[in-house]
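Listed below, chain by chain, are the residues.
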2 protein chains.
Amino acid sequence: MDDTAMLRRFNRTYTQRIGVLEESFLGTGRPLGVSRLLFEIGPDGAGVRELRDRLGLDSGYLTRLLRRLDRDGLVRVAEDPADRRRRLATLTATGRRAWRELDQRSEELAERLVAPLTARQRARLTDALATADLLVRAATIELREVPPTDPTAVAAAGRYFAELDRRFPGGFDPGRPDHAGTFLLATSDGRPVAYGGVRELDDDLLGVAEIKRMWVDEAWRGAGLGARMLRELEALARRLGHDRVVLDTNGTLTEAIAMYARAGYRPIARYNDNPYAEAWFEKDLS
Amino acid sequence: MDDTAMLRRFNRTYTQRIGVLEESFLGTGRPLGVSRLLFEIGPDGAGVRELRDRLGLDSGYLTRLLRRLDRDGLVRVAEDPADRRRRLATLTATGRRAWRELDQRSEELAERLVAPLTARQRARLTDALATADLLVRAATIELREVPPTDPTAVAAAGRYFAELDRRFPGGFDPGRPDHAGTFLLATSDGRPVAYGGVRELDDDLLGVAEIKRMWVDEAWRGAGLGARMLRELEALARRLGHDRVVLDTNGTLTEAIAMYARAGYRPIARYNDNPYAEAWFEKDLS
DNA sequence: AGATATCTCTGACTAAGGTCAGAGAATGGA
DNA sequence: TCCATTCTCTGACCTTAGTCAGAGATATCT
C-alpha cells in the first residue's frame, strides 16, 4: 500500500473509531462548539484573539459563544491591560469544574478505547502514535515570508544568535540590528522551528544573493527541515531574480557544513569581511 | 507519556491537521453531509439501510439527503428485489463522475500532506499508521451475543468447519447443524473475525459448561483476540450459572492448545465421544 | 498629528444538520 | 392467518454553526 493510500485508509479508520473522542464533549448539555471553546480556554485562561486563531472562528461568532458561556456563569471576559483592544477570557470556579468534567470524559473515552488491548499492544500503539504525531507535525510545518521585525522572527533570530554565542569559542556579538533581506519563518503551533533569509549582496556581485541566519530548532534537527528551508530559500532567491547564492559559516557548525555539501554547495574563497566566517560556499541556481 | 495521554495528544494533532482531509469534500458546491453520502454510496452502489448504519444517520434525514442527490441527477434509488421494503442507491453516470472528483480531491490532499516529507520519513509515517490502524481496529472489535442462526454467525461457523476440514488429516464432517448453546461473535466492519459458544453439558455434569467452536480469523491471530474471546466466553458461562468449563480439541490445533494452557486450562480425561477430539481440558471459574 | 490597522462587538441573515412521531408497505415467525 | 417487526418516507419542528458588513475603541506607523 503506498503512502497516500495508507494515509487515507487510516483516516477512515480514525474518523470512524477515534473520532468519537472529539464528540466526548457532547452530552454535557452544551453544543459541541461551546464545549470545545470552554475546553480551549482552559484553567489558565486565554486571549480572545488567540482563541479565534486556535479554533478558526469568526470574530462575531466567537463573541456570541463567549457571551453564552458568560451567561451560564462559566467564563468571565475582561479587558487585556496590555492592549485595551483585546480581551481575556478566564474560567470561573463553575467553569473550572465544567472543564475538569470535559477533561475526564475525554480521558475515560481514551481509556475505554485502549481497554481491550493487551499491555504489549498498548505499548505498540503508543509508540506508533508518537511516531505518527511527530511526522504529521513535521509535514504540517508552515513556512512563510515574514518581515524581520515580526516578533516571532525576532525570537527565532535571538535563538540563532544565542546558539552562535554558545558554540563559537570566543562567543558571538550580533552587532547592531540588521534587517536587510527577505526572511522565511517556519512555525509549528505558532512557535518558531526554523528561520533563514536571503539578501542581495550590496557590492558589485550582481545576480548573486547571500543566504543568512539559517537556523533550525534543536528539537527538530535531523528531520529534513534544514534541507527544506534551504530549498525554499533558494527558490526565493530565484524568484528575486538571482541565479547564484553564496553563504558563509563557521568551522564549529559542522552539521550545517555537511548539509550544505549534501545540498550541492561548493567551497569558494572569502567573499566578505565577516570576522566570524571561516568557510564560504556557493551554488548555482540554474 | 502514558497510553491515553499519547492517544489524546495524537487526537489533537490529527484533528487540527489532517481533519482537513475530511473537509476535502467541501468546496464542491454541495454540503459536507451530502458529499459524504455520495462518496459512501460509491461506484458499486449501496443499500439505504446499510448507509444508515455506516453513516449513523436518522432515516428521515437520509431519505431527504438521497432525494437531494436524486434531484441533482447523481443518484437513483430503486427497490431491492430481494426485500421490497428496502431500497438500493446507485450512482448515475454524472454521479460516478462526481464520485471520482471527490476521490481525486481526497488523494490530492493526502499527497499535499506528505509532500514536505522525505522518502524516508514517508516510509516511517506509513509504517506507523499501518501499525496504529491495525491496533485501533483490534481495539474497536465488537463482541456481541448472537443466535447461532444469525447469518454472520453461520458464516463464521462455516469458516471454522472449513479450517478443521483443511487441517485434520482425515478431513472434518460437521454433521447435521447443531444450534445448542449461546454464541459470541466478534466483528470488525461488519465482518466476522472471531466466534465461539458455550453450552450446558446435557448429561449428569451439573454446573459444567462446554466451550465450543472457538475460532479466530487467520489474519487476526496473534493479536490477543483468541484470549479475549476465551475470557468473554468464560464470563458468559459464569453468568449462565456454571462454575467450571471444559473443552475438547484436536492435536493438530497446536496454537489453540498453547492458548488454553496460557489461559489456565488443565488437561483432563475424555469426557465425550467426539470422534475428532484428542485432548480435553477444564478450568475452574471460581 | 493624522492615517491606517487591529480588535471586539452588534445586528441581520442563512444553510446545515438534525430530531421526532407517525403512516404505509412488506416481511418473518408463531 | 394474524401479529409483531422492519424499512422507508413525510411533515413539522428545532438548534447549531456560521457569514457578512459595519461601528466604535484602541493601538501603531510615519
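Note that the structure is a prediction, hence the values are computed from the model and not measured.

**Considerations on the overall build of chain A**
Looking only at helices and strands, chain A has 10 helices and 10 strands in total. Relative to the globule expectation of 19 Å for 286 residues, the C-alpha radius of gyration of chain A, 24 Å, shows a markedly less compact shape. If you line up chain A on its principal axes, its C-alpha atoms span 70 × 55 × 35 Å. Counting the 286 residues in chain A, one finds 47% classified as buried. Counted over contacts in chain A with a minimum sequence separation of 6, partners at least 24 positions apart contribute 60%. Accessible surface computed for chain A: about 14,900 Å², of which carbon and sulfur atoms make up 49%. Across chain A, 46 positive and 45 negative side-chain charges occur, with their mean positions spaced 7 Å apart.

**Points about helix 10 (residues 254–262) of chain B**
Residues and elements named next belong to chain B. Of the positions making up helix 10, those classed as buried are Ala256, Met259 and Tyr260. Down the axis of helix 10, the buried set is contained in an arc of 100 degrees. They therefore lie on one face. In helix 10, those exposed residues whose orientation departs by more than 90 degrees from the buried face are Thr254 and Arg262. On its buried side, helix 10 packs onto strand 7 (208–216), helix 9 (225–239), strand 8 (244–249) and strand 10 (279–284). Remark: Gly264 follows helix 10 within two positions and exhibits a positive phi of approximately 95 degrees.

**Details of the protein's contact with DNA strand C**
Neighbouring DNA strand C are 20 residues, the closest being Arg49(A), Arg64(A), Arg67(A), Arg87(A) and Tyr61(B). Taking all atoms of DNA strand C within 4 Å of the protein, the share assigned to sugar and phosphate is 66%. The contact in question runs from a phosphate oxygen of DNA strand C to an N or O atom on the side chain of Arg49(A), over 2.3 Å. One of the side-chain nitrogen or oxygen atoms of Arg85(A) is found 3.2 Å away from a base oxygen of DNA strand C. Residue assignment for the surface near DNA strand C shows that the elements contributing at least two residues are helix 4 (48–55) and helix 5 (59–71) of chain A together with helix 3 (32–41) and helix 5 (59–71) of chain B. Residues of the surface near DNA strand C, tallied by class, amount to four nonpolar, four polar and 12 charged.

**A closer look at the interface of chain A and chain B**
The interface is formed by 51 residues belonging to chain A together with 51 residues belonging to chain B. A buried area of about 5,400 Å², summed over both sides, lies between chain A and chain B, and 61% of it is on carbon and sulfur atoms. Broken down residue by residue, the surface that chain A buries against chain B is led by Leu7(A), Arg8(A) and Arg17(A), which jointly contribute 14%. Counting across the interface, chain A meets chain B through eight salt bridges. One salt bridge in this structure joins Arg8(B) and Asp103(A), with 2.8 Å as the shortest N-O distance. For the pair chain A and chain B, the interface holds 24 residue pairs in polar contact (both at pLDDT 80 or more). Every element with two or more residues in the side of chain A that touches chain B is listed here: helix 1 (3–17), helix 2 (19–22), helix 3 (32–41), helix 6 (93–114) and helix 7 (119–139) of chain A. Of the residues forming the side of chain A that touches chain B, the biggest block, 16 residues, is contributed by helix 7 of chain A. Each residue belonging to the side of chain A that touches chain B can be placed in one class, and the counts come to 23 nonpolar, 12 polar and 16 charged.

**Some remarks on the relation of the copies chain A and chain B**
Note on the identical chains: chain A maps onto chain B by a rotation of 179 degrees and an axial translation of 0.1 Å, with an RMSD of 0.4 Å. What the rotation and shift describe, once combined, is the action of a two-fold rotation axis. When C-alpha positions in chain A are compared against the rotation axis, the closest is assigned to Ala128(A), at 2.4 Å. Both copies contact each other with a shared surface, as 100% of the interface residues of chain A are interface residues in chain B too.

**So, the sheet that holds strand 5 (residues 182–188) of chain B**
Residues and elements named next belong to chain B. An order of 4-5-6-7-8-10-9 is seen for the seven strands of this open sheet, with the pairing classed as mixed. Two strands bound the open sheet, and with one partner strand each, they are strand 4 (142–146) and strand 9 (266–268). Shown here is a sheet whose adjacent strand axes are inclined to one another by a mean of 30 degrees, direction ignored. Across three bridges, strand 7 lies against strand 8 in parallel orientation. Following the sheet pairing, Val208 is matched in strand 8 by Arg244.

**Some thoughts on the domain arrangement of chain A**
It is common to give the size of an interface as the accessible area lost on bringing the parts into contact. With domains assigned, chain A is organised as domain 1 (3–116) and domain 2 (142–284). Computed over C-alpha atoms, the centres of domain 1 of chain A and domain 2 of chain A are 39 Å apart.

**As for the environment of Asn250(A)**
Residue and element names in this part refer to chain A. Within the fold, Asn250 resides in the loop between strand 8 (244–249) and helix 10 (254–262). Its relative accessible area of 5% is what places Asn250 among the buried residues. Placed 166 residues apart in sequence, Asn250 and Arg84 show a C-alpha to C-alpha distance of 46 Å. When residues no more than four places from it in sequence are discounted, the contact partners of Asn250 are Phe168, Ile257, Tyr276 and Glu278.

**A word on the pairing of strand 7 (residues 208–216) of chain A**
When a strand is regular, its side chains alternate between the sheet's two faces. Residues and elements named next belong to chain A. Extensive coverage of strand 7 is indicated by the burial of nine of its nine residues. As judged from the six bridges shared by strand 6 (residues 191–200) and strand 7, these two strands associate in the antiparallel manner. The residue bridging Val198 from the neighbouring strand is Ile211, located in strand 7. Crossover handedness for the path strand 7 to helix 9 (residues 225–239) to strand 8: right-handed.

Definitions and limits used
Residues numbered from 1 in each chain as written. Chains lettered and ligands numbered in written order. Predicted model: local features only at pLDDT ≥ 70, side-chain atom pairs only at ≥ 80, totals over all residues. Heavy atoms only, no water. Helix = DSSP H or I, 4+ residues; strand = E, 2+ residues; numbered from the N terminus. Rg over C-alpha atoms; globule rule 2.2 N^0.38 Å. Buried < 20%, exposed > 50% of the residue type's maximum accessible area, 1.4 Å probe, protein only. Contact = heavy atoms within 4.5 Å. Areas by Shrake-Rupley, 256 points an atom, 1.4 Å probe, with all protein chains shown as cover. Lys, Arg positive; Asp, Glu negative; His and termini not counted. Charge placed at Lys NZ, Arg CZ, Asp CG, Glu CD. Arc of directions from axis to C-beta. Near = heavy atom within 4 Å. Polar contact = N/O pair within 3.5 Å; in protein donor to acceptor, adjacent residues only side chain to side chain. Nonpolar A, V, L, I, M, F, W, Y, C, P; charged D, E, K, R; others polar. Buried area = accessible area lost by both parts, 1.4 Å probe. Salt bridge = Lys/Arg side-chain N within 4 Å of Asp/Glu carboxyl O. Least-squares fit on C-alpha atoms with pLDDT ≥ 70 in both. Pairing = 2+ DSSP bridges. Axes fitted to C-alpha atoms, helices over the stretch in contact; angles between N-to-C directions. Domains from an automatic or database assignment. Right-handed = clockwise from strand over helix to strand, strands pointing away.

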